[in-house]
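Single-letter residue listing:
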Amino acid sequence: ANYLCSCCSCCCNLLAGVSRHGYVNTVLTSRWIVRVDGDTCTGCGRCVRSCPVKALSVQGGDHVVLDADFCLGCGVCVTRCPKGALVMEPRSQAVVSPETIFERIVLMALERGNLQFQIFDNPSNPMHLVLQRLTGAFLRLPPVKARLAARLLGSKFLANVRRAYERFYGIDFNSL
């Protein structure tokens, strides 16, 4: 299920992970991000106090600055601005939400660089060790070389791994 969390970071461990410890990948962001209009912003700080992950800060006492790496795109800050200086706009890179638990596990394994160990998980099987190394090497290739390798090997498995890689990183191999 996809939903937009509206918790506060005082009691939500996931949001506290972002705001207190800087673990920005613990929470999936929305497809939106805040834009601050520096001409309209007075630096009152209401939005800063409302942000659950501390993505906003007042600089120079007269305007708010966004740390885009931390912004979840929840929009809470926009509702707190009395001057209308904050607006939500689409992120420059699309956020793809996993649709199933299986897809979420695959995407997390891709992000952590250990998909090959999730798929081939029997270290006592020599074939698994070979396939772990082959898949790991494939995943470390730059996008163009990964596409070429999948095509040359004619592998449906590598083609599917490539598609998952494309979806996770927002890269379209066909346009390369």
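Above this text you will find the structure in question.
This report concerns the structure included in the present document. (Residues numbered from 1 in each chain as written. Predicted model: local features only at pLDDT ≥ 70, side-chain atom pairs only at ≥ 80, totals over all residues. Heavy atoms only, no water.)

## Regarding the overall build of the protein chain
Counting its secondary structure elements, the protein chain contains eight helices and four strands. Put simply, the protein chain runs from its N terminus to its C terminus through helices and strands in the order α-β-α-β-β-α-β-α-α-α-α-α. Within the protein chain, buried positions represent 34% of all 176 residues. Long-range pairs, those at least 24 residues apart, make up 54% of the contacts in the protein chain between residues at least 6 apart in sequence. When the accessible surface of the protein chain is summed, it comes to about 11,200 Å², and 55% of that surface belongs to carbon and sulfur atoms. (Helix = DSSP H or I, 4+ residues; strand = E, 2+ residues; numbered from the N terminus. Buried < 20%, exposed > 50% of the residue type's maximum accessible area, 1.4 Å probe, protein only. Contact = heavy atoms within 4.5 Å. Areas by Shrake-Rupley, 256 points an atom, 1.4 Å probe, with all protein chains shown as cover.)

## Description of the nonpolar core
Counting 19 residues, the largest nonpolar core has Val36, Val53, Leu56 and Leu86 as its most contacted members. Elements that contribute at least two residues to this core include exactly helix 1 (13-19) and strand 1 (32-36). The element contributing the most residues to this core is strand 1, with three residues. Residues in contact with Val36, not counting those within four places in the same chain, are Cys41, Leu56, Val64, Leu66, Ala85 and Leu86. Counting residues in hydrophobic clusters, the runner-up holds 13 residues, among them Leu139, Ala146, Ala150 and Tyr165. (Core = buried A, V, L, I, M, F, W, Y, C linked by side-chain atoms within 4.5 Å.)

## Quick notes on the pairing of strand 2 (residues 56-59)
Of the strand pairs in this sheet, strand 2 and strand 3 (residues 63-66) are connected by four bridges, and their pairing is antiparallel. Residue pairing across strands places Gln59 opposite His63, the latter belonging to strand 3. Between the antiparallel neighbours strand 2 and strand 3 lie three residues, among them Gly60 with a positive phi of about 70°. (Pairing = 2+ DSSP bridges.)

## Some points on the pattern of salt bridges
Enumeration over the complete set of coordinates arrives at one salt bridge. Residue Arg35 pairs with Glu89 through a salt bridge whose shortest N-O separation is 2.9 Å. Taken as a pair, Arg35 in strand 1 and Glu89 in strand 4 (residues 86-90) lie far apart in primary sequence, 54 residues in all. Classification of Arg35 as partly exposed rests on a relative accessible area of 37%. For Glu89, a relative accessible area of 31% translates into the label partly exposed. (Salt bridge = Lys/Arg side-chain N within 4 Å of Asp/Glu carboxyl O.)

## Remarks on unusual backbone geometry
In this structure, Lys54 is a non-glycine residue whose phi angle is positive, near 60°. Within the secondary structure layout, Lys54 lies in the loop between helix 2 (46-50) and strand 2. Take Lys54: its relative accessible area is 57%, and that puts it in the exposed class.

## Points about helix 4 (residues 101-112)
Relative to the 16 Å expected for 12 residues at 1.5 Å per residue, helix 4 spans 16 Å between its end C-alpha atoms, a close match to the ideal helical length. Of all the residues in helix 4, the buried ones are Glu103, Val106, Leu107, Ala109 and Leu110. Taken end-on, helix 4 shows its buried residues confined to a sector of 160°, consistent with a single buried face. In helix 4, the exposed positions that point more than 90 degrees away from the buried face belong to Ile101 and Arg112. Of the residues flanking the end of helix 4, it is Gly113, one or two places downstream, whose phi is positive at about 75°. (Expected span 1.5 Å × (residues − 1). Arc of directions from axis to C-beta.)

## Here we look at empty space enclosed by the protein
Applying the stated criterion across every chain yields a total of two cavities of 30 Å³ or more. If you go around the largest cavity, you meet 15 residues; those closest to its centre are Cys41, Gly43, Cys44, Cys47 and Cys81. Residues that form the lining of the largest cavity fall into these classes: eight nonpolar, four polar and three charged. Taken as a whole, the second largest cavity encloses approximately 80 Å³ of empty space. Residue lining of the second largest cavity: 14 residues in total, with Cys51, Pro52, Cys71, Cys74 and Cys77 positioned closest to the centre. Looking at the lining of the second largest cavity, its residues break down into 12 nonpolar, two polar and no charged. (1 Å grid on protein atoms, 1.4 Å probe; cavity = no way out; pocket = protein on both sides within 12 Å on 5 of 7 lines; lining within 4 Å. Points joined across faces, edges and corners; volume = space filled by probe spheres on them. Nonpolar A, V, L, I, M, F, W, Y, C, P; charged D, E, K, R; others polar.)

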